[in-house]
Amino acid sequence: AGLFERIFAPALSGAVPIDETASPQEINVSKPPDAKSAQVASINAPEELASNRFSGGYTPQNRLFVPQLPKSTAPYNGREILFGEIKAKADDIVQRRSLVSLDLNRFVERAATEISSRPNIIDRNAVATRLLQDLDAMMPKNDAKANALKSQIEIGIRKATANPKQNALDMILSAAAGKSPAKATAELVALEKEVAGWVPHFRKKDQPFLADMIQKWLSGDDSKVVVDPDWLRKSESIRGGEETVRGHFENWLTGSLEPSDDSPEEVLHPELGNLRKEQAFRKSAKWAAAFTVTPTLSDKGMTINQTQITSDGAFEFRRKGAAIQFDGIVVHRWHDDFDWDANKLMKVPTRKLPTSQAIVLPLRDFGRARDFKLESRWRQRMTGEIVRSGNRWILRNVRWRDLP
């Protein structure tokens, strides 16, 4: 997810079968409709789904789930911040060089402890020599970034060795990270104040949703935000995503979806074909629509780049003459995370040029800010008929109705 305020635009990513929460008994019923399969398929019967009610939740008007913006900055730990920066550099080296591990934080702690425990300068120098040898053995060769980081840590070890009255850990950390713990703390305090300043800016720009979500993120409240479905569905793009999912269910009923190993359409039509007059059976299915998003100044969007609507449907099928009538309940669930993508840029009021979203991550990693989940659910009833025309199944009189 990213920071731009956006409106959802469905991407033509195709039907996505979803098996995240469903058991095989709920979806993959492959036997003809007999008493046993009908019993299994009735786990998600329409009346059971119909007993759920999804209404209310956050809107920019009621501002549910939005805590007050903290009045004071968090008590940041400068050493913790510097350890985090060193770990990030080490992780980058591990990834680029395909190493098993490179625990520089533990090495820095060990180096500071061993140097501090030697009051005699001769002993301190001996310890420093051994530590530098260990560091050289740890670091990969012929890597510019690794060599630069190793040189910085070496400088810190030499300074700590030569200055017994100063804190060895702070000297090694400062050399390795290029700043003191105090400076790291001051920078994070300034960053928190900067991001907090975005909240009133977006409110003045009539973007209350974005302002509310940033405020909640800064507060450290990681509880899920349940978004009011009536407000959410005012977005044209959300409605487009819903239509995409509904199309998946209709294509599942006609058998026109591409077959796949997980697709429940492979097991529906043999049962339909074997259904005799007045016989009935039940079947469940899950489908999803993937979304990409495009930048917009509209407040009907979300601060998200990619998102998804996942829908769970339960249907009853009954043969009436040549037609098979169906009646089902589909529960749509929009869900995503409010978080940040270090690989994407954002335009914020306090900086002239687009800036990497990575700049705010220290507030989450070392401060009180926390990512959280967003969700909204709504229900629809789908009714209609299926008739056989040669080798094709055709839908007739299909109707989708909103349920409270």
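Above this text is the structure in question.
Quick look at the structure, then. (Residues numbered from 1 in each chain as written. Predicted model: local features only at pLDDT ≥ 70, side-chain atom pairs only at ≥ 80, totals over all residues. Heavy atoms only, no water.)

## Quick look at the overall build of the protein
When helices and strands are counted, the protein shows 14 helices and 10 strands. Within the protein, the proportion of its 404 residues that are buried is 49%. Sequence-distant contacts in the protein: of pairs separated by 6 or more residues, those separated by 24 or more amount to 72%. For the protein, the accessible area works out to roughly 19700 Å², and carbon and sulfur atoms hold 49% of it. (Helix = DSSP H or I, 4+ residues; strand = E, 2+ residues; numbered from the N terminus. Buried < 20%, exposed > 50% of the residue type's maximum accessible area, 1.4 Å probe, protein only. Contact = heavy atoms within 4.5 Å. Areas by Shrake-Rupley, 256 points an atom, 1.4 Å probe, with all protein chains shown as cover.)

## What to know about the environment of Gln357
Note on placement: Gln357 falls in the loop between strand S8 (355-356) and helix H14 (361-365). Classification of Gln357 as buried rests on a relative accessible area of 0%. Taking the C-alpha atoms as reference points, Gln357 and Asn343, 14 residues apart in sequence, are found 7.2 Å from one another. Reaching out from Gln357, the side chain makes a polar contact with the backbone nitrogen of Asp341 at a distance of 2.8 Å. (Polar contact = N/O pair within 3.5 Å; in protein donor to acceptor, adjacent residues only side chain to side chain.)

## Describing the environment of Pro60
With respect to the helices and strands, the residue Pro60 is situated in the loop between helix H3 (46-50) and helix H4 (78-97). Along the backbone, Pro60 and Asp212 are 152 residues apart, and their C-alpha atoms lie at a distance of 7.8 Å.

## Notes on a nonpolar patch on the surface
Together, Leu64, Phe65 and Val226 make up an exposed nonpolar region whose accessible area comes to about 210 Å². Positionally, Leu64 belongs in the loop between H3 and H4. According to the relative accessible area criterion, Leu64 is partly exposed, its value standing at 40%. (Patch = residues over 30% accessible without salt bridge, like charges linked within 9 Å, V, L, I, M, F, W, Y side chains within 5 Å. Salt bridge = Lys/Arg side-chain N within 4 Å of Asp/Glu carboxyl O.)

## A word on the pairing of strand S9 (residues 372-389)
Most of S9 sits inside the fold, with 14 of its 18 residues counted as buried. Pairing between strand S6 (residues 323-338) and S9: 16 bridges, direction antiparallel. In the strand pairing of S9, Arg333 is matched with Arg377. The antiparallel hairpin formed by S9 and strand S10 (residues 392-403) contains 2 residues in its connecting segment, where Gly390 sits at a positive phi of about 65°. (Pairing = 2+ DSSP bridges.)

## Brief notes about the environment of Asp230
Locating Asp230 in the fold gives a position in helix H11 (residues 229-232). In this structure, the C-alpha to C-alpha distance between Asp230 and Trp378, residues 148 residues apart in sequence, is 8.6 Å.

## Some details on the packing of aromatic side chains
If you walk through the whole model with that rule in mind, you get 14 aromatic pairs. Measuring from ring centre to ring centre gives 5.9 Å for Phe249 and Phe315, while their planes differ by 45°; the resulting arrangement is tilted. Residue Phe249 is found in helix H12 (residues 236-254), and its partner Phe315 is found in strand S5 (residues 306-320); the two are separated by 66 residues along the sequence. Of the residues examined, Phe249 reaches a relative accessible area of 0% and is grouped as buried. One aromatic cluster in this structure is built from Phe249, Trp252, Phe281, Phe315, Phe317 and Phe326. Positioned above the aromatic ring of Phe372, the side-chain terminus of Lys216 is 4.9 Å from the ring centre. (Phe/Tyr/Trp six-rings, centres within 6.5 Å; stacked < 30°, edge-to-face > 60°. Lys NZ or Arg CZ within 6 Å of the ring centre and 35° of its normal.)

This is a description of form; function is not addressed.
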